[in-house]
Amino acid sequence: MSLRKLAEERGFLIGAACNPDHLSAGEEEYESTLSGEFNITTAERQMKFAPVQPEQGVFKWGVTSKLTEFTQKHALKLRGHTLTWHHPAQLPNWLELEKRSRNEAIEIMREHIETVVNHFRGDVFWWDVVNEGLAEQGTMYREESPWYRAIGADYIEMAFRFAHHADPDCKLFYNDYEMDAVNDKSDRCHQMVKQLLDKDVPIHGIGLQGHIQLDRAPVIDSIAENIDRFGRLGLEVQFTEVDVWLPAEAGDEALQKQAEYYRDLVGVAVEADCCTAFVTWGVTDKYSWVPKFTDGKYGRALLFDENYHPKPAYHAVVEQLRG
Ligand code: XIL
């Protein structure tokens, strides 16, 4: 029994982000785990702005073709991630938004979004149109985002309209972190989405990233309540980047706690009618971004260990999907 099979029996999507560099790189377990255990994937980096448009007007699809060939071959669904993000590491050097006029910035954003969404039509069913556009605290939006600075808050609604124009069938998502539960940030997200819907902006879903430190994890009931309120706005909700981080010094008993958390989180996901997918941020602890991102303070965050062995968390998710 695989996660994939169990999920399919109940019409649910269970996924893992993929780094296409590992496909056909001679590591058979990577491919077989991804295709055998999961029915949805996304690119961990390769569909972001810089890798896709490294020079102005020059679009590179090479690595992503490996991914679409893989998803077609193994009948995995594909999420698109992401069209606009503030992070300097994925904005190409040529972009220099701070030197552009507002109209130039809008035109660059439009061209990028329309070209990319159009390219992946038929392969990608959900796009993270705007990633991490809300502030962590203090203000409504992330005002240091180069997109916000160049265009203003309405870059968000423009991005959704451009994406919808390029593929009217694609489900368009707003995606962010630390808004899994009811809190100040998810309140602001809710408010933003209501405003967008009032203006007939084509937004269809909310992506809860679900990067969770086990030692300060949000309360499960609050996550359920949060999903429910977005569902009541008529939106689809997906967990898009789940990993449950263990402190580096934690012993093996932490794997059990982690398993319980994964079990409960997947439980919330499958129980909410509006929630359609649960995607983890990687296939194996071997390649997880967490140790690098946290300077080694956290790790072991996924369902498979460094040797592709299923962890207690994997078995807990199996049990949950079995119902
Ligand atoms: C991360 C990737 O995992 C890294 O490999 C990359 O270097 C930086 O981005 N939120 C997001 C993801 O929306 O795109 C980030 O992914 C993790 C945090």
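Please read these numbers as outputs of a predicted model, since none were measured by experiment.

Peer 1: Mind showing me how you'd approach the packing of helix α9 (residues 220-232) against helix α10 (residues 253-271) here?
Peer 2: Packed helices, taken two at a time, are described by the angle between their axes plus the distance between the axes. Between α9 and α10, the least distance of the axes is 10 Å, while the angle of their chain directions is 20°. Classified by the interaxial angle, the pair formed by α9 and α10 is roughly parallel. Crossing angle aside, the handedness with which α9 passes α10 is right-handed. Taken together, the residues of α10 that come into contact with α9 (itself represented by Ile220, Ile223, Ala224 and Ile227) are Tyr261, Asp264, Leu265 and Val268. Counted by class, the contact of α9 with α10 contains seven nonpolar, no polar and one charged residues.

Peer 1: In this structure, what is going on with the side chain of Gln209? I would like to understand it.
Peer 2: Within the element layout of this structure, Gln209 appears in the loop between β6 (205-208) and β7 (211-213). A distance of 3.1 Å separates the side chain of Gln209 from the side chain of Glu132, its partner in a polar contact. In this structure, Gln209 is in contact with Asn131, Glu132, Asn175, Asp176, Tyr177, Asp180, Thr240, Glu241 and Val242, ignoring residues within four places of it in sequence.

Peer 1: What is the right way to look at the environment of Val244 in this model?
Peer 2: Mapped onto the elements, Val244 comes out in strand β8 (residues 236-247). On the basis of relative accessibility, which here comes to 0%, the residue Val244 falls in the buried class. Separated by 36 residues in the primary sequence, Val244 and Thr280 have C-alpha atoms spaced 9.2 Å apart. Among residues more than four places away in sequence, those in contact with Val244 are Ile212, Leu214, Gln258, Tyr261, Tyr262, Gly299, Arg300 and Ala301.

Peer 1: Is there a simple way to explain the pattern of salt bridges in this structure?
Peer 2: Pairs may arise between side chains of opposite charge once their charged atoms sit close together. What the rule picks out here adds up to 19 salt bridges. The partner of Arg102 in a salt bridge is Asp154, with the nearest N and O atoms 3.2 Å apart. Here Asp154 lies in the loop between α6 (146-151) and α7 (155-166) and Arg102 lies in helix α5 (residues 102-119), a separation of 52 residues in the sequence. You can call Arg102 partly exposed: its relative accessible area is 36%. Given the relative accessible area of 31%, Asp154 is considered partly exposed. Among the salt bridges present, the one from Arg142 reaches Glu144, with a minimum N-O distance of 3.1 Å. Relative accessible area serves as the criterion here: at 7%, Arg142 is assigned to the buried category.

Peer 1: Which parts of the structure should I look at to understand the pairing of strand β1 (residues 13-18)?
Peer 2: Here is the key point about a regular strand: its side chains alternate between the two faces of the sheet. Where burial is concerned, most of β1 is hidden: six out of the six residues are buried. Pairing of β1 with strand β9 (residues 275-280), which is carried by four bridges, proceeds in the parallel orientation. Within the sheet, the bridge partner assigned to Gly15 lies in β9 and is Val279. The sheet contact formed by β1 and strand β2 (residues 40-43) spans four bridges and is parallel. Looking across to β2, one finds that Gly15 is bridged to Ile40.

Peer 1: I would appreciate a short explanation of the pairing of strand β4 (residues 124-131) in the present structure.
Peer 2: Taking burial as the measure, the eight residues of β4 include seven buried ones, the bulk of the element. Pairing geometry for strand β3 (residues 77-84) and β4, over five bridges, is parallel. Directly across from His81, in β4, lies its bridge partner Asp128. Of the crossover connections in this fold, the one passing from β3 over α5 to the parallel β4 is right-handed. Of the strand pairs in this sheet, β4 and strand β5 (residues 171-176) are connected by five bridges, and their pairing is parallel.

About the cut-offs
- Residues numbered from 1 in each chain as written.
- Predicted model: local features only at pLDDT ≥ 70, side-chain atom pairs only at ≥ 80, totals over all residues.
- Heavy atoms only, no water.
- Axes fitted to C-alpha atoms, helices over the stretch in contact; angles between N-to-C directions.
- Helix = DSSP H or I, 4+ residues; strand = E, 2+ residues; numbered from the N terminus.
- Parallel < 35°, antiparallel > 145°, perpendicular 65-115°, else oblique.
- Left-handed = near helix turned anticlockwise from the far one by under 90°.
- Contact = heavy atoms within 4.5 Å.
- Nonpolar A, V, L, I, M, F, W, Y, C, P; charged D, E, K, R; others polar.
- Polar contact = N/O pair within 3.5 Å; in protein donor to acceptor, adjacent residues only side chain to side chain.
- Buried < 20%, exposed > 50% of the residue type's maximum accessible area, 1.4 Å probe, protein only.
- Salt bridge = Lys/Arg side-chain N within 4 Å of Asp/Glu carboxyl O.
- Pairing = 2+ DSSP bridges.
- Right-handed = clockwise from strand over helix to strand, strands pointing away.

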